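Spelled out, the chains give:
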Amino acid sequence: MAGSSLEPAGRAWWRHAAIYQIYVRSFADGDGDGTGDLAGVRARLPYLVELGVDALWFTPWYLSPLADGGYDVADYRTIDPAFGTLAEAEKLIAEAREHGIRTIIDIVPNHVSDQHAWFRAALAAGPGSPERELFHFRPGRGVNGELPPNYWVSEFGGTPWTRLDDGEWYLHLFAPEQPDLNWAHPAVRREHEDVLRFWFERGVAGVRIDSAALLAKDPALPDFTPGRDPHPYTDRNELHGIYRSWRAIADEYDAVFVGEVWLPDTERFVRYLRPDELHTAFNFTFMACPWEARRLRAAIDETLAEHAPVGAPATWVLCNHDVTRTVTRYGRAQTGFDFAAKAFGTPTDHALGTRRARAGALLSLALPGAVYIYQGEELGLPEADIPLDRIQDPMHVRSGGTDPGRDGCRVPLPWSADAPYAGFGSRTRPWLPQPASWPSYAADRQERDPDSMLCLYRAALRLRRMEQGFGAPALGWLAAGPEVLAFRRDTDCSGEALICVVNLGREPAELPEHRAVLLTSGPLDDAGRLPTDTAVWLRG
Ligand code: NOJ
């Protein structure tokens, strides 16, 4: 795409971008039918410009039965009619670009929908057919093949195998509606390379790769005992060849990748970020950190140290459509990561969570690298409680009803306090219910309140673009108490530095020497000190 090639390599846009994640179904409803759509996004582009983000990452917008919120893709070249049309997507990409905002789409290579033409053909063609070779079909074990082909566990819980009437089983690491593709098959590789080109031709500047470390499987699909056996489907070496060929395609278009790579082993993780593979990957270590100075500092140091040798920028993520919203997580005694082990009715102090989420926003936006903001984070939305009979996430059902699932962070956004459905745009009830408190978080109300979360994000994103210190490639820690995170980012040329201080302790913290206070997440105390759970940006 035009633009990025004009910048010096070290300052390429994706190395320091603020990227806003749009969960289309819940962003804004343009046609009033209860589901968010592309018309809703187009109408809200001025809001995103005003917010000051550099790129939009759209969770899957393709044709889908929505068995897993669109991560069950039936056709990559068609926009789901609930969201709009391909022509509208093209318009949206172009309009956003006119405003200086790039588009990142979501590709889900590990699996397709059971309604995808390939899987339907495989079902129709029957056992032993070439159509079935695009997936992982196997006979069962046991006398009559009544037992699954192996004893793996689905990422959503339970067995990852489903048996068909013809006796064969097929593999799905996620829900049964998401059959896994066979990446050893050349047609699977060809098809995905073609899909990448299809979207790059339409002006897309980047691709988020879903479940990026799961695609390749041990062809024997052997039983797996964690800790004993090599992993048969996570982080297999074949993946690097796949991503190298993807990278060559992206380079033709000056486009970039962000991988969803969940790997605790950092040495293995950064192998995906070598110069001829993915440009970036999500930093789940940081997101998983509880609100503790020692853990956060260790996560920051580890992240920067692991990225440095491969020359890839870090990413900073506080939340996404899979985890409990930040305000709620930080307002709980146990604030660690909770993708798959949520519980109903966990006590939450929302005021505390909000204070910390404000400070956390200034922390993540001050770190060197790219930063992701999940829609509604800028409004300080808490996780919503969804009535049992309205829960849609397959994770809930597959946990046997013990896990509330991920719907609580996917609730339609509140735009106007006084409009029906908090201004989401629907004329009928939205696909997920909004809590009674939603109007108090509405964007129009927050716009008028200088102390709101929205105004904090706007101010922070504006400073992040303007202040010289944010251009510094690295950070240096400043001496501070064990409960205080304090660092500077010094520029080589201007002599100006950005200083960020976050106080996670109980006592107020003295500010380091500085030239000016740029922004605080809450007021300083009467003695000019930084109160507990508060962050400040200083010009040094
Ligand atoms: C990760 C996505 O973020 C999540 O929402 C989805 O359920 C799984 N991958 C399966 O595609």
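In short, a report on the structure.

Thresholds, definitions, all that
Residues numbered from 1 in each chain as written. Predicted model: local features only at pLDDT ≥ 70, side-chain atom pairs only at ≥ 80, totals over all residues. Heavy atoms only, no water. Phe/Tyr/Trp six-rings, centres within 6.5 Å; stacked < 30°, edge-to-face > 60°. Helix = DSSP H or I, 4+ residues; strand = E, 2+ residues; numbered from the N terminus. Buried < 20%, exposed > 50% of the residue type's maximum accessible area, 1.4 Å probe, protein only. Lys NZ or Arg CZ within 6 Å of the ring centre and 35° of its normal. Near = heavy atom within 4 Å. Polar contact = N/O pair within 3.5 Å; in protein donor to acceptor, adjacent residues only side chain to side chain. Areas by Shrake-Rupley, 256 points an atom, 1.4 Å probe, with all protein chains shown as cover. Nonpolar A, V, L, I, M, F, W, Y, C, P; charged D, E, K, R; others polar. Lys, Arg positive; Asp, Glu negative; His and termini not counted. Salt bridge = Lys/Arg side-chain N within 4 Å of Asp/Glu carboxyl O. Contact = heavy atoms within 4.5 Å.

## Focus: the packing of aromatic side chains
Alright, step 1. In total, this model carries 31 aromatic pairs according to the counting rule given.
Alright, step 2. Aromatic pair W57 and Y372: ring centres 6.1 Å apart, planes at 80°, arrangement edge-to-face. Placement of the pair is W57 in strand β2 (residues 55-58) and Y372 in strand β13 (residues 370-374), with a sequence separation of 315 residues.
Alright, step 3. Looking at W57, the relative accessible area reads 2%, which means it is buried.
Alright, step 4. Plain terms: the ring middles of F200 and F257 are 6.5 Å apart, the flat faces sit at 55° to each other, and that makes the pair tilted. Here F200 is found in helix α5 (residues 186-201), whereas its partner F257 is found in strand β10 (residues 256-259), with 57 residues between them in sequence.
Alright, step 5. Look at F200 and you get buried, because its relative accessible area is 4%.
Alright, step 6. By the ring-pair criterion, three or more aromatic residues cluster together here, those being W183, F200, Y243, W246, Y253, F257 and Y272.
Alright, step 7. Lying across the ring of W431, R25 places its NZ or CZ 3.7 Å from the centre.

## Here's the deal with the site of the ligand
Alright, step 1. Surrounding the ligand, one finds 13 residues, the nearest of these being D68, D210, H321, D322 and R406.
Alright, step 2. The separation between an oxygen atom of the ligand and a polar side-chain atom of D68 is 2.6 Å.
Alright, step 3. Between the ligand and S211, the relevant distance is 3.5 Å, taken from a nitrogen atom to a side-chain nitrogen or oxygen of the residue.
Alright, step 4. In the complex, the protein chains occlude 99% of the 300 Å² of accessible area that the ligand would expose alone.
Alright, step 5. When grouped by side-chain class, the residues that make up the shell around the ligand number three nonpolar, three polar and seven charged.

## Examining the side chain of D37
Alright, step 1. Structurally, the position occupied by D37 is in the loop between β1 (18-22) and α1 (38-43).
Alright, step 2. Here D37 occupies a buried position and makes no salt bridge, while the nearest side chain of opposite charge, R427, is found at 9.0 Å.
Alright, step 3. Polar contacts involving the side chain of D37 include one to the main-chain amide nitrogen of D31, which spans 3.2 Å.
Alright, step 4. A distance of 2.8 Å separates the side chain of D37 from the backbone nitrogen of G40, its partner in a polar contact.
Alright, step 5. Once residues within four sequence positions are removed from consideration, D37 is found in contact with V24, A28, D29, G30, D31, A82 and F83.

Structural measurements only, silent on function.
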